[in-house]
Every structure is written in structure tokens, then in C-alpha cells.
Amino acid sequence: MFGVFTLLVAALFAGAAVYVSTAEHPARMTLDDRAALAQWKVSYPRAALMQATLALVGSVLGTLEWLVTGSHVWLIGALVLVANVPYTLISIMPINDVLKELPVSEAGPASRADLVRWGRLHAGRSLLGLIATAIFVWASI
């Protein structure tokens, strides 16, 4: 009943996260320090809202599908997808806060190092999204 939508939302989350990890962030890192930070500051809030919404909606839909079908695979997928929320809050949010507060005029080697670290940590979000999507594909079969 909710399974197709669960899979769709998880795939959208994974696709967006993988795009950021493999295209947007590497392109950002080719810019000078100030431009890279400025681009991150514009991009981050939009992506964060989209990805948080997708993670939460996908997790709710997966949980609903588990309740309807009784298949624990849906619940496992929902838990993997929602794991992005605490992962982000614990691992990535401290760097987000530093980058958000730093004026673009003060960007330099330290902000670049934070952006590089942010990119590595964001890859974890991509991995969680891909794993959740694979679990939902498995549950759909």
C-alpha cells in the first residue's frame, strides 16, 4: 500500500545525496576558498530542507508499510533511512554550524578543511540512503 511511495522517496533521498557527494561538492571544491564557502552557504539550507523532509517522510511511509504488511524488512529500511537524522545532528551539524557562522570574507584554509571534512561526512548520508533504497527494493520483491 505505501511500499511504492516508500521506495520512491528513499530513491529520491539517495539520488539527491549521491548527487551532492559526487557532483555538487566536488565542483564546489574547485572554487577558491571564498567562493566555495559562499556556494555552500547558498546550497546547504535548500538541500538540508529537502533531504530532511525526504528522510522523515520515507521513514514514516516505511513504518506504515511495515504496520500494514507485517514485514520487518520495511521497518529496517525505515530505520536506516531515518538514521540520517541523528547521523547529521551528531556528525555533520557541528561543521555546519561553523561554516554557517563564518563570514565569507574570512574563508581560508581552515574553512576549506571544514568543507573537505563536510564532504567526507556527507558521503555517509549517501551510503545510508543507498542502503535504505536497496532494503526497500528487497522488501518490494
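Residues numbered from 1 in each chain as written. Predicted model: local features only at pLDDT ≥ 70, side-chain atom pairs only at ≥ 80, totals over all residues. Heavy atoms only, no water.

Colleague: Describe the layout of surface pockets, and please don't skip the residues or the numbers.
Modeller: Estimated volume of the largest pocket: approximately 290 Å³. When residues of the lining of the largest pocket are traced back to their parent elements, those giving at least two are α1 (3–28), α2 (33–69), α4 (84–101) and α5 (109–140). With 8 residues, α2 is the largest single contributor of residues to the lining of the largest pocket. (1 Å grid on protein atoms, 1.4 Å probe; cavity = no way out; pocket = protein on both sides within 12 Å on 5 of 7 lines; lining within 4 Å. Points joined across faces, edges and corners; volume = space filled by probe spheres on them. Helix = DSSP H or I, 4+ residues; strand = E, 2+ residues; numbered from the N terminus.)

Colleague: Any chance you could break down the packing of helix α3 (residues 72–82) against α5 for me, citing the residues and the numbers?
Modeller: For the pair α3 and α5, the least separation of the axes is 8 Å and the interaxial angle reads 165 degrees. As summarised for this structure, α3 and α5 are arranged roughly antiparallel, according to the angle between their axes. Taken as a pair, α3 and α5 cross one another with a handedness that is left-handed. Contacts from Val73, Trp74, Ile76, Gly77, Ala78, Val80 and Leu81 of α3 reach α5 at Leu128, Ile131, Ala132, Ile135, Phe136, Trp138, Ala139 and Ser140. Classifying every residue of the contact of α3 with α5 by side-chain character gives 13 nonpolar, 2 polar and no charged. (Axes fitted to C-alpha atoms, helices over the stretch in contact; angles between N-to-C directions. Parallel < 35°, antiparallel > 145°, perpendicular 65-115°, else oblique. Left-handed = near helix turned anticlockwise from the far one by under 90°. Contact = heavy atoms within 4.5 Å. Nonpolar A, V, L, I, M, F, W, Y, C, P; charged D, E, K, R; others polar.)

Colleague: Talk me through the packing of aromatic side chains; I want residue IDs and the actual numbers.
Modeller: The description of an aromatic ring pair rests on the distance of the ring centres and on the angle between the ring planes. The final tally for this structure, using the stated rule, is 3 aromatic pairs. Here tryptophan 40 and tyrosine 44 contribute two aromatic rings whose centre-to-centre distance is 4.7 Å and whose plane-to-plane angle is 15 degrees, an arrangement assigned as stacked. In this pair, tryptophan 40 and tyrosine 44 both sit in helix α2, 4 residues apart, roughly one turn of the helix. Here tryptophan 40 and tyrosine 44 have matching classes, each one buried. (Phe/Tyr/Trp six-rings, centres within 6.5 Å; stacked < 30°, edge-to-face > 60°. Buried < 20%, exposed > 50% of the residue type's maximum accessible area, 1.4 Å probe, protein only.)

Colleague: Break down a nonpolar patch on the surface for me, citing the residues and quoting the values.
Modeller: On the surface, Phe5, Leu8 and Leu12 cluster together to form a nonpolar patch covering roughly 310 Å² of accessible area. Turning to its location among the elements, leucine 12 is positioned in helix α1. (Patch = residues over 30% accessible without salt bridge, like charges linked within 9 Å, V, L, I, M, F, W, Y side chains within 5 Å. Areas by Shrake-Rupley, 256 points an atom, 1.4 Å probe, with all protein chains shown as cover. Salt bridge = Lys/Arg side-chain N within 4 Å of Asp/Glu carboxyl O.)

Colleague: Just give me the short version of the nonpolar core, but keep the residues and values in it.
Modeller: Core analysis: the largest hydrophobic core is formed by 16 residues, its most contacted members being Phe13, Val80, Leu81, Ala132 and Phe136. Looking at this core, the elements that each hand over two or more residues are α1, α2, α3 and α5. Ranked by residue count, the leading element in this core is α5, at 5 residues. Each residue touching phenylalanine 136, except ones within four places of it in the same chain, is listed here: Thr6, Leu7, Ala10, Gly58, Gly62, Trp74, Gly77, Ala78 and Leu81. Counting 15 residues, the second-largest nonpolar core is a separate cluster that includes Met29, Ile95, Ala107 and Leu121. (Core = buried A, V, L, I, M, F, W, Y, C linked by side-chain atoms within 4.5 Å.)

Colleague: A description of the pattern of salt bridges should follow, citing residues and the corresponding values.
Modeller: The tally for this structure, following the rule as stated, stands at 3 salt bridges. Between arginine 112 and aspartate 33 there is a salt bridge, with its nearest N and O atoms 2.5 Å apart. Here arginine 112 is found in helix α5, whereas its partner aspartate 33 is found in helix α2, with 79 residues between them in sequence. Where aspartate 97 meets lysine 100, a salt bridge forms, and the shortest distance between an N and an O atom there is 3.8 Å. Of the two residues, aspartate 97 and lysine 100 are both situated in helix α4; the distance of 3 residues between them amounts to about one turn of the helix.

Read these as layout, nothing more, since geometry by itself doesn't imply function.
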